[in-house]
Amino acid sequence: MTREDIADVLENIALLLELKGENVFKTRAYRNGAEIARTGDCDIIGLAKENRLAEIDGIGKALQDKIHELVTTGKMDYYEDLRSGFLPTLFDLFEIQGLGPKKIKALYDKLEIDSIESLKRACEDGSISQLSGFGTKTVEKLLAAIELREKFSSLFRLGDVAVLAESLLDAIREHPATLQCCHAGSYRRSKEILHDVDILVATNHPGELTKYFSELEIVEDVIACGSTKASVRLANGLQADLRAVSNKEFPFALQYFSGSKEHNVALRQRSLKKGWSLNEYGFSVKEDAEAPPEIQQEEDIYQALGLQYIPPELRENRGEFEAAEHGEIPKLIELENLRGTFHNHTTASDGRNSLEEMAEAAIDLGLEYLGIADHSKSSFQANGLYPERLLKQIDEIKALNKQWEGSFRLLAGSEVDILKDGSLDFPDDILKQLDYAVASVHNAFTLSEDEMTARIIRAMENPYITMLGHVTGRLLLKREAYAVNIDKIIDCAAETGTIIELNCSPYRLDMDWRHWRKARDKGVLCSINPDAHRVEHLQFLSFGVRLARKGWLRRQDVINTKPLAEVLEFLKIQ
DNA sequence: GCCGTTTTCGGCCCGACTGTTTTCAGTCG
């Protein structure tokens, strides 16, 4: 029994109660309990065993008894009763955009729809249209949502893969027969969306390693396990592949399996011009071609082909060859370059940690400054701040800053909503009291591209707006970006000197890496922001740096590589 | 179902958007 297990049971109870049309506040109590189980600071399992759940705020008598029963017996009668008679596929319906408890209840009661499959059938055969509240538009939207889900079913966000990918590589590294190992594929190239994880190992005992790999504890299913290659599936459905090669082949295999396919096609074409055919095992030399140099490591392959080394993140055949030919591959930003960050939340709005806790966590990470940007009043759902509370927070930040005497500083900002017409949620006389302000769109996502672009540009033109938050509002594998003309936004950022955020929440990674190079070339500065809602989220900075590298960004292109003194000067604050 | 109290009952986050129901219900953030 883990915290996750408890959270899942409570969350499912909340869904089933919603289906039964129970009191929304009762439902909310269970959902709140799930959240506490999943992410609360307390040791919920230990407290449950000791009958001390009453110490947790939000867990009342009913949940205490039920969680205690679940933890000590492994099941909960209330939950078993509630879900008897329903297929587990029913829960999938809640993941379809546009379907909530009321509609799911209607679908279940009237048409016995209890899975995405039966929903799709009912959409296609027209039976859904008989139900009141389900018109043609609704059916269209449901079909689109089902299609989106199918499209994404075998895809994973970088942030959901990173821990697994690292622990797999660690396991391979520990094996005594491993000579060297490395990630390959799209994980190595830091793609934001992945469909598998590739690991390459150099060894003299390949069969031992593939067997060892397929028997690792985190492996759920073995898809294939041969003498040089193993494919497995992990509990979350992610596929992981291991390829074992000799030490001599390793640089070639690493280059080959890192891709991208387009990059490799271009590289092999270059190689052929020299009379060398390139594959995952090495160069094979055509007759009367000169002999290629000795290859010790991946860098040597690029050098042999007359190219500067191309970091894996840039291998998308998007101009990296031209740059490498002319020695113009940039020195890309590294995680160690970051000196601080902006756009973080606290308990004042929808964050989980206090100002002090966020500051301590930032100091522990070695940062010199941390920008606090809680939501503004229009983000009701996020407990956005009204001016009085914001001004009070500014005072609190000033008071806290005294203790660090310049060695660390909290910056007082706001994530101010860009309203539908492009005006801001706070008047200028409030904004000007802040150290900086992030402007973000949080509602009215369905404006036309022209309207949305004009709306955002209007906000950027406000002199008190320092940076633009999550430019497209996308949630990876969950919600498409809203319509916006990125090129116009970049031009406006260049003209107004507005920084553009690289929001490094694993769900966002927005602005997309494909736009950063041109933004950089127009002189637009980037800010790598974790959008942290709790101290652990500061770790998202590493994803931000990976995607900034993928966007060709150098240290000098990112505002938060600047030391504190320079940032204060930049923001014109004391 | 939880919480807090002017203590055992009433409040619990609110507004925008969408589609369809011609006056509002459901979903979402």
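Nothing here was measured: the structure is a model prediction, and the numbers come from that model. (Residues numbered from 1 in each chain as written. Chains lettered and ligands numbered in written order. Predicted model: local features only at pLDDT ≥ 70, side-chain atom pairs only at ≥ 80, totals over all residues. Heavy atoms only, no water.)

The end-to-end C-alpha distance of helix H2 (residues 24-39), which contains 16 residues, comes to 22 Å, matching closely the 22 Å that a straight helix rising 1.5 Å per residue would cover. Every buried residue of H2 is accounted for by Thr27, Tyr30, Gly33, Ala34, Ile36 and Ala37. The secondary structure elements touched by the buried residues of H2 are helix H1 (3-19), helix H3 (44-49), helix H4 (61-73) and helix H5 (77-83). N-capping of H2 is provided by Asn23, with a side-chain oxygen placed 2.6 Å from the backbone N of Phe25. (Helix = DSSP H or I, 4+ residues; strand = E, 2+ residues; numbered from the N terminus. Expected span 1.5 Å × (residues − 1). Buried < 20%, exposed > 50% of the residue type's maximum accessible area, 1.4 Å probe, protein only. Contact = heavy atoms within 4.5 Å. Polar contact = N/O pair within 3.5 Å; in protein donor to acceptor, adjacent residues only side chain to side chain.)

Taken together, 37 residues lie near DNA strand B, and Arg28, Gly58, Gly98, Gly135 and Thr446 sit nearest. Among the atoms of DNA strand B close to the protein, meaning within 4 Å, 74% are from sugar or phosphate groups. Here a phosphate oxygen of DNA strand B and a backbone polar atom of Gly100 are 2.6 Å apart. Residue Thr138 places a side-chain N or O atom 3.2 Å away from a phosphate oxygen belonging to DNA strand B. Elements that contribute at least two residues to the surface near DNA strand B include exactly H2, H4, helix H6 (101-111) and helix H8 (136-152). It is H2 that provides the largest number of residues to the surface near DNA strand B, a total of 5 residues. (Near = heavy atom within 4 Å.)

Below, the discussion takes up the sheet that holds strand S4 (residues 196-203). Pairing is mixed in the open sheet, where 5 strands are placed in the order S2-S4-S7-S6-S5. Edge positions in the open sheet fall to strand S2 (178-184) and strand S5 (219-225), since each of these has one partner strand only. Put simply, the sheet's adjacent strands are angled 20° from each other on average, direction ignored. Where helix H9 (residues 158-174) meets the sheet, it contacts S2, S4, strand S6 (229-234) and strand S7 (239-245), and its direction lies at approximately 165° from that of S2. (Pairing = 2+ DSSP bridges. Axes fitted to C-alpha atoms, helices over the stretch in contact; angles between N-to-C directions.)

We now examine the UniProt feature "domain: Polymerase/histidinol phosphatase N-terminal" (unreviewed entry) in chain A. With numbering matched to this structure, UniProt assigns "domain: Polymerase/histidinol phosphatase N-terminal" (unreviewed entry) to residues 340-420. Across residues 340-420, the secondary structure splits into 31% helix and 22% strand, with the terminal C-alpha atoms separated by 31 Å. (UniProt positions renumbered as here; feature names shortened; annotations may be inferred.)

In regular strands, side chains alternate between the two faces of the sheet. A one-sided burial pattern is seen for strand S8 (residues 276-279), the buried positions being Trp276 and Leu278 and the unburied ones Ser277 and Asn279. With 4 bridges connecting them, S8 and strand S9 (residues 282-285) associate as antiparallel partners. The residue of S9 that forms the bridge with Trp276 is Val285. Hairpin connection of S8 to S9: 2 residues between the antiparallel strands.

What follows is about the sheet that holds strand S12 (residues 409-417). Spatially, S10-S11-S12-S13-S14-S15-S16 is the arrangement adopted by the 7 strands of the open sheet, whose pairing is parallel. If you trace the sheet from one side to the other, it starts and ends with strand S10 (340-341) and strand S16 (526-529), each paired once. One ladder, built from 4 bridges, connects strand S15 (residues 499-503) with S16; its direction is parallel. Looking at the pairing, Asn503 lines up with Asn529 of S16. Across the face of the sheet, helix H17 (residues 387-401) comes into contact with strand S11 (369-375) and S12 while running at roughly 165° to S12. Strand contacts of helix H22 (residues 541-550): S10, S15 and S16, with the helix running at about 145° to S16, the strand carrying the most contacts.

Moving on, we come to the domain arrangement of chain A. What the domain assignment lists for chain A is domain 1 (3-152), domain 2 (156-247), domain 3 (252-325) and domain 4 (335-570). Distance from the C-alpha centre of domain 3 to the C-alpha centre of domain 4: 39 Å. If you look at the interface, domain 3 gives 8 residues, while domain 4 gives 7 residues. Buried surface at the junction of domain 3 and domain 4, both sides included, amounts to about 680 Å², of which 53% is carbon and sulfur. Looking at the side of domain 3 facing domain 4, the largest losses of area belong to Glu313, Leu314 and Arg318, adding up to 73% of the total buried there. Counting the contacts that link domain 3 with domain 4 gives 2 salt bridges. Of the charged contacts, one joins Lys550 and Glu316 as a salt bridge, the two residues approaching to 2.7 Å between their closest N and O atoms. Across the contact surface, domain 3 and domain 4 share 5 residue pairs in polar contact (both at pLDDT 80 or more). When its residues are assigned to classes, the side of domain 3 that touches domain 4 shows 3 nonpolar, 1 polar and 4 charged. (Domains from an automatic or database assignment. Buried area = accessible area lost by both parts, 1.4 Å probe. Salt bridge = Lys/Arg side-chain N within 4 Å of Asp/Glu carboxyl O. Nonpolar A, V, L, I, M, F, W, Y, C, P; charged D, E, K, R; others polar.)

So, on to helix H12 (residues 250-258). For H12, the buried fraction is high: 8 of the 9 residues fall into the buried class. Turning to H12, its buried residues number three or more, namely Phe250, Pro251, Phe252, Ala253, Leu254, Gln255, Phe257 and Ser258. Gly259, located one to two residues past H12, shows a positive phi value of around 65°.

Two measures define how a pair of helices packs: the angle their axes make with one another and the distance between the axes. Where H9 contacts H22, the axes come no closer than 11 Å and their chain directions differ by 105°. As summarised for this structure, H9 and H22 are arranged roughly perpendicular, according to the angle between their axes. Where H9 abuts H22, its residues Leu158, Gly159 and Ala162 lie against Phe543, Arg546 and Leu547. The residue inventory of the contact of H9 with H22, partitioned by class, reads 4 nonpolar, 1 polar and 1 charged. (Parallel < 35°, antiparallel > 145°, perpendicular 65-115°, else oblique.)

Core analysis: the largest hydrophobic core is formed by 95 residues, its most contacted members being Phe213, Leu410, Ile456, Ile489, Ile500 and Ile528. For this core, the element with the most residues is H9, which contributes 8 residues. Shared between two domains, this core holds at least three residues of each, these being domain 2 (156-247) and domain 4 (335-570). Those residues in contact with Ile456 that lie beyond four places of it in its chain are Val441, Leu468, Val471, Tyr482, Val484 and Ile489. Counting residues in hydrophobic clusters, the runner-up holds 49 residues, among them Cys42, Ile67, Met76 and Leu93. (Core = buried A, V, L, I, M, F, W, Y, C linked by side-chain atoms within 4.5 Å.)

Attention now moves to the pattern of salt bridges. The final tally for this structure, using the stated rule, is 35 salt bridges. As a salt-bridge pair, Asp421 and Arg458 come within 3.7 Å of each other at their nearest N and O atoms. Taken as a pair, Asp421 in the loop between S12 and helix H18 (428-431) and Arg458 in helix H19 (residues 449-460) lie far apart in primary sequence, 37 residues in all. A relative accessible area of 47% means that Asp421 is categorised as partly exposed. The class for Arg458 is partly exposed, based on a relative accessible area of 42%. Residues joined in a network through salt bridges with shared partners are Glu192, Arg474, Asp512 and Arg514.

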